[in-house]
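Structural features, examined
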Amino acid sequence: MKDKITGSKALMRALQAEGVKTIFGYPGGSIMPVYDALFDYTRGEKKCFDHILVRHEQGATHAAEGYARVSGKVGVALVTSGPGVTNTLTGIADAMLDSTPIVVIAGQVPISALGTDAFQEVDLVGVSQPISKWSYQIRHAEDVAWAVSRAFYIARTGRPGPVVLDFAKNAQVEEIDYNPQKVDFIRSYVPYPKLEEEAVRQAAELINNAKKPLALVGQGVELGNAQSELKAFLEKADIPAGRTMLGLSALPSNHPLNVGMLGMHGNYAVNLKEQECDVLIAIGMRFSDRVTGNLKTYAKQAKIIHLDIDRSEIDKNVKTDVAVVADCKESLPALTSLINKADHQAWRDSFKALDEQERTKVIEPAIHPKEGPLLMGEIVHAVAEQAPDDAVLVTDVGQNQLFATRYFKYHHKRSICTSGGLGTMGYGMPAAIGATFAAPERTVCCFMGDGGFQMCIEELGTIMEQKAPVKMIVMNNHYLGNVRQWQDMFWLRRKSFTKMMNPDYSHIAQGYGIPYQAVTDRKDLAAAIKKMLTTDGPFILECAIKEEDNVLPMTPPGMDVDKMMLEI
């Protein structure tokens, strides 16, 4: 006869079965039975989980995102009901827009109290359904094993995303005979569409006849672990490739076919060449408005091939000529087998003059300024020069993100964590914490502005407690820099509430016991970066930067993608 166990202990066993090792969480009343069960599983002979106590529930979801993005596994957040779980909604929405696999498990009042406005009751399923892949309320302990297995299956398969489990308190304490469950099929859910051979043939024909092909590489390549398949495809067809912000590490920075970053603040040549290519191959990307600019004029001269695992992305923003709906791990080799070995040297050479314009007008002044205050571009470049090749870039959101993604170097897969679709300030620090647990052997460099740093500053407590080796670079210009840039460019320089009074970060670092150094002069920058990178554990490097440093190039919002500005 089996021993009966509670629903909370059933959750522990179900998480074990899914291979979970790390949980980011914050306890509270409605999740207390689970935390009591967790106690035995985080110490002694039974230990199988590391629980990371964050300082805010939003931090738990972002940490789970960072863990998922770097490890390729499902991140897990554990929180209580009411304000505990509503604090996770920003992270859930962020994960949904950026296709990040996380499972958020939240306490809930007992089912007997549902609908009574009980203390810390909130309709979690109702509020989270529009921003998650699946949201489910566990009402009885007997459903725990099935719900957890289904949650992880949905989160990690197909186009990944967030799943929410609302765990009623009565189900946490009920006793049951535990029966393991394994969900690997859901009748209404087809995560991996069947590859259509005719679509592949049509795509190959367009590519074989192309004179000026251009590939747009998105995060789908990383999510599908198809980095080597991508290289084989590009190299056989000799196709230059631009990368979206989230897809930057899908192709190494130094690969000869890499022609830069796409988008509003991407590289000049690749953005202009989107309007000149004759065949455009989008691979695992969603044609975001920040990539396309004005859709009415975007790539109208080109035949469009779209490779994506999610059929809903096809023709959503850009009308395609050929859609290959499948996992790119499968579709890229199929396409490679049908394309001809090609040489597009003349087409690739045509990028060089535009690259040189950008280098002369934008890049060199940004990374090698002759005088004046420190610039964000030179700080990122200087860190990238000293950081190990396998370093992970984590950014917050704003100018720090745009400079960091432009000037960091990517040599290995899964080397970037940044909030793309939602643009969440406060994402950086907790995501970096998650990244250190996903890849403790890699250096994690987290770039933040003074605004974003203060939106997640409480997570310094998590870093302190865990000794998480996050290398934090705070680029301080006393402004909400990106908003200020737009105000200067489009709102008659009326700086409405973007100037910030900031605290003395040295005292804050001292309070948390985290090594700190401030840099105000570029002659001290290289040595300070070396100290940061060679110091064991966390480090805060504060850089005083030019107040009105602007991110360039830039395509103004709503403008044609080839109307990119190299100067203001």
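To be clear, the structure that these remarks concern was listed above.
Residues numbered from 1 in each chain as written. Predicted model: local features only at pLDDT ≥ 70, side-chain atom pairs only at ≥ 80, totals over all residues. Heavy atoms only, no water.

**Focus on the pattern of salt bridges**
What counts here: Salt bridges are defined as contacts in which a side-chain nitrogen from Lys or Arg sits within 4 Å of a carboxyl oxygen from Asp or Glu. Only DSSP runs of H or I with at least four residues qualify as helices, and only runs of E with at least two residues qualify as strands; both kinds are numbered from the N terminus onward. With a 1.4 Å probe rolled over the protein chains alone, any residue whose accessible area is under 20% of its type maximum counts as buried; one over 50% counts as exposed, and the rest are partly exposed.
Summed over the entire model, instances satisfying the criterion amount to 28 salt bridges. Measuring nitrogen to oxygen at the nearest pair gives 3.1 Å for the salt bridge that ties Glu-18 to Arg-156. Within this pair, whereas Glu-18 is found in the loop between helix 1 (7-17) and strand 2 (22-25), its partner Arg-156 is found in helix 7 (residues 144-156), the two being separated by 138 residues in sequence. Since its relative accessible area comes to 33%, Arg-156 is described here as partly exposed. Between Asp-524 and Lys-523 there is a salt bridge, with its nearest N and O atoms 3.3 Å apart. Taken together, the shared-partner salt bridges connect Arg-484, Asp-488, Arg-493, Lys-495 and Glu-548 into one network.

**With respect to unusual backbone geometry**
A cis amide bond links Leu-552 to the next residue, Pro-553, at an omega of -5 degrees. Relative to the helices and strands, Pro-553 resides in the segment after strand 20 (539-544).

**Side note on the sheet that holds strand 5 (residues 102-108)**
Our working rule: Two strands are said to pair when DSSP picks up at least two bridges between them. Working convention: axes come from line fits to C-alpha atoms, limited for helices to the stretch in contact. Angles between N-to-C directions cover 0 to 180 degrees. By definition, residues are in contact when any of their heavy atoms lie within 4.5 Å.
Strand order in the open sheet formed by six strands is 3-2-4-5-7-6, with parallel pairing between adjacent strands. Both outer strands of the open sheet, strand 3 (50-53) and strand 6 (134-138), are each paired with one neighbouring strand and no more. Geometrically, the sheet is characterised by an average inter-axis angle of 20 degrees between neighbouring strands, direction not taken into account. By the bridge criterion, five bridges tie strand 4 (residues 75-79) to strand 5 in an arrangement that is parallel. The partner of Val-76 across the bridge, within strand 5, is Val-103. Seen against the sheet, helix 1 touches strand 2, strand 5 and strand 7 (162-168) and runs at an angle of roughly 155 degrees to strand 7. The sheet strands contacting helix 3 (residues 57-71) are strand 2, strand 4 and strand 5, and the helix crosses strand 4 at an angle near 165 degrees.

**Some thoughts on the nonpolar core**
Formally: Residues belong to one nonpolar core when they are buried, are Ala, Val, Leu, Ile, Met, Phe, Trp, Tyr or Cys, and are joined through side-chain atoms within 4.5 Å.
Membership of the largest hydrophobic core comes to 68 residues, with the highest contact counts inside it found for Leu-280, Phe-287, Tyr-298, Ile-379, Phe-408, Phe-447 and Ile-473. When residues of this core are assigned to their parent elements, the largest contribution, six residues, is made by helix 17 (residues 376-386). Sequence-distant contacts of Leu-280, that is, excluding residues within four places in its chain, are made with Leu-214, Leu-216, Phe-287, Tyr-298, Ala-299, Ala-302, Lys-303, Ile-304 and Ile-305. Residues Ile-92, Ala-95, Cys-417 and Tyr-505 belong to the second largest nonpolar core, which totals 45 residues.

**Section: the packing of aromatic side chains**
The test is simple: Any two rings among Phe, Tyr and Trp, with Trp reduced to its six-membered ring, count as a pair given centres within 6.5 Å; such a pair is stacked if its planes are under 30 degrees apart, edge-to-face if over 60, and tilted if neither. We call a charge positioned above a ring when the Lys NZ or Arg CZ atom is no farther than 6 Å from the ring centre and deviates by at most 35 degrees from the ring normal.
Under the defined criterion, the tally for this structure stands at 14 aromatic pairs. For the ring pair Phe-24 and Tyr-67, a centre distance of 6.1 Å and an interplane angle of 65 degrees mean the geometry is edge-to-face. On the criterion of sequence distance, the pair formed by Phe-24 in strand 2 and Tyr-67 in helix 3 is long-range, its members being 43 residues apart. By relative accessible area, Tyr-67 is classed as buried at 7%. A cation over an aromatic ring shows up here: Arg-43 above the ring of Phe-39, its NZ or CZ 3.9 Å from the ring centre. Over the face of the ring belonging to Trp-134 we find Arg-150, whose NZ or CZ atom lies 4.8 Å from the ring centre.

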